[in-house]
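The primary structure of each chain is shown beneath.
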Amino acid sequence: MRRSSTAAVAASSEQTGPDGVREPAGEVHAWHPGQNQTVCGLALSRTRLRRFPHVPFDYTATDQLTAADPVGWICPRCVAATTGRRRDAKRPWVRHSPRP
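All of these numbers come straight from a predicted model, not from anything done at the bench.

### Comments concerning the sheet that holds strand β4 (residues 71-74)
- With mixed pairing, four strands are arranged side by side in an open sheet as β3-β1-β2-β4. Edge positions in the open sheet fall to β3 (50-56) and β4, since each of these has one partner strand only. Sheet twist, expressed as the average angle between the axes of neighbouring strands with direction ignored, equals 35°.

### Thoughts on the confidence of the model for the protein
- Here the protein averages 84 in pLDDT, and 87% of its residues register 70 or above.
- Here β4 stands out as the least confident element of the protein, with mean pLDDT 88; strand β1 (residues 8-16) is the most confident, with 93.

### A look at the nonpolar core
- Val 9, Val 28, Phe 57, Tyr 59, Ile 74 and Cys 78 are the most contacted members of the largest nonpolar core, which has 15 residues in total.
- Going through the elements one at a time, β1, β2 (22-31), β3, β4 and α2 (76-83) are the ones with two or more residues in this core.
- Ignoring any residue separated from it by four or fewer positions in sequence, one finds Ile 74 in contact with Val 28, Phe 57, Tyr 59, Asp 63, Leu 65 and Val 79.
- Counting five residues, the second-largest nonpolar core is a separate cluster that includes Ala 8, Ala 10, Leu 44 and Leu 49.

### Focus on the state of the cysteines
- Within the structure shown, the criterion is met by zero disulfides.
- Cysteine Cys 75 is unpaired, with the sulfur of Cys 78 as its nearest cysteine sulfur at 3.6 Å.
- The thiol of Cys 78 is unpaired, and the distance to the nearest cysteine sulfur, on Cys 40, comes to 3.6 Å.

Reading guide: rules and limits
Residues numbered from 1 in each chain as written. Predicted model: local features only at pLDDT ≥ 70, side-chain atom pairs only at ≥ 80, totals over all residues. Heavy atoms only, no water. Pairing = 2+ DSSP bridges. Helix = DSSP H or I, 4+ residues; strand = E, 2+ residues; numbered from the N terminus. Axes fitted to C-alpha atoms, helices over the stretch in contact; angles between N-to-C directions. pLDDT = per-residue confidence, 0-100. Core = buried A, V, L, I, M, F, W, Y, C linked by side-chain atoms within 4.5 Å. Buried < 20%, exposed > 50% of the residue type's maximum accessible area, 1.4 Å probe, protein only. Contact = heavy atoms within 4.5 Å. Disulfide = S-S within 2.5 Å.

Structure (structure tokens):
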């Protein structure tokens with residue numbers, strides 16, 4: 001089986017979208033297809049999380065959830081593990097006032 005480097009979604013429940021495709025709902029975690037645990041370390045079988053390999057985990061720490069969203073909670077540890085540090089590539093870090 002081929003492993004993917006992009007994270008997919010594992011969720012506590014599901015709903016059917018208007019086009020008839022399963023969509024995640026409830027508690028959402030990042031999951032790498034081919035593994036039996038989430039990025040934050042939860043076992044999929046013990047926590048009864050459903051796998052959604054067709055849905056990429058593209059949540060960020062600044063996402064706002066409302067009552068109308070089917071997703072109720074996004075795991076902050078999975079968000080931190082998948083986003084990493086993003087520095088501005090145009091402006092590298094430079095010390096402006098170096099010590100003597």
